[in-house]
Amino acid sequence: MLIVNDEQRLRAGIGSMSKRCQYCSKALAAYPLILSDDARLAVYHAACAAELVVAVRKRKGQIQAMIFGWGRWYPVESVSIERLVVVAPVAS
Ligand SMILES: [Zn+2]
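The structure displayed is predicted, hence computed values, not measured ones. In this numbering scheme, every chain counts its residues from 1 along its sequence in written order. Reporting in this predicted model follows two pLDDT cut-offs: at least 70 for local features of residues, and 80 or more for side-chain atom pairs to be given and counted; totals over whole chains, interfaces and linings ignore these cut-offs and use all residues.

Student: Help me understand the overall build of the protein chain, please; the structure alone is not making it clear to me.
Tutor: A count of helical and extended segments in the protein chain gives two helices and six strands. The C-alpha atoms of the protein chain give 15 Å as radius of gyration, which overshoots the globular expectation for 92 residues (12 Å, by more than 25%). Overall, the protein chain is about 55 × 35 × 25 Å in size when its C-alpha atoms are taken along their principal axes. Partly exposed residues are those whose C-beta has more than 12 but fewer than 20 other C-beta atoms within 10 Å; 20 or more makes a residue buried and 12 or fewer makes it exposed, with C-beta atoms placed from the backbone. By the burial criterion, 13% of the 92 residues in the protein chain qualify as buried. In the protein chain, of all internal contacts separated by at least 6 residues, the share reaching a separation of at least 24 is 27%. Secondary structure elements are defined from DSSP: runs of H or I of at least 4 residues count as helices, runs of E of at least 2 residues count as strands, and each element is numbered from the N terminus. Throughout, radius of gyration means the C-alpha value; the globule benchmark is 2.2 Å times the number of residues raised to the power 0.38. Whether two residues are in contact depends on their C-beta atoms, placed from the backbone: they are in contact if these lie within 7 Å.

This is the structure we're talking about:
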């Protein structure tokens with residue numbers, strides 16, 4: 001779930017912006033945030049959740065992302081590729 005303001009944050013059960021991001025361990029501090037919808041109620045900076053995307057697909061017109069460790073596909077508005085790292089084996 002995407003959280004962009006105090007009202008959404010409080011409704012999601014996150015009482016304070018001093019709670020720490022599950023990924024980078026820094027205080028949440030600013031929006032947007034992503035709340036995983038599993039039982040842990042883990043919260044991430046949106047940029048940190050994006051770091052954890054391992055796959056993207058389109059099903060029935062909807063873009064979905066697989067986030068490492070979350071165990072299912074999540075609907076996303078859009079996908080942009082900002083960085084591509086290719087590691088090629090080096091011949092010895
Ligand atoms: Zn973070």
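Student: Even after reading the chapter, I still don't get the nonpolar core, so can you show me in this structure?
Tutor: Inside soluble globular proteins, nonpolar side chains tend to come together where they are buried. Only buried Ala, Val, Leu, Ile, Met, Phe, Trp, Tyr and Cys residues enter a nonpolar core, and they are joined through C-beta atoms within 7 Å. Counting nine residues, the largest nonpolar core is built from Ile 3, Leu 33, Ile 34, Leu 35, Val 43, Tyr 44, Ala 49, Ile 67 and Trp 70. Looking at this core, the elements that each hand over two or more residues are β2 (33-35) and β3 (43-45). Residue contributions to this core peak at three residues, all from β2. Residues within four places of Ile 3 in sequence aside, it is in contact with Gln 8, Arg 9, Ala 12, Tyr 31, Pro 32, Leu 33 and Leu 35.

Student: Whenever I open this one, the sheet that holds β3 confuses me. Can you help?
Tutor: Working definition: the strands of a sheet are paired by backbone hydrogen bonds and lie parallel or antiparallel to each other. Strand order in this open sheet of three strands is β1-β2-β3, and the pairing throughout is antiparallel. The open sheet terminates on both sides in strands that have one partner only, identified here as β1 (2-3) and β3. Being paired, for any two strands, means DSSP has found at least two bridges between them. By the bridge criterion, three bridges tie β2 to β3 in an arrangement that is antiparallel. For Leu 33, the partnering residue across the bridge sits in β3 and is His 45.

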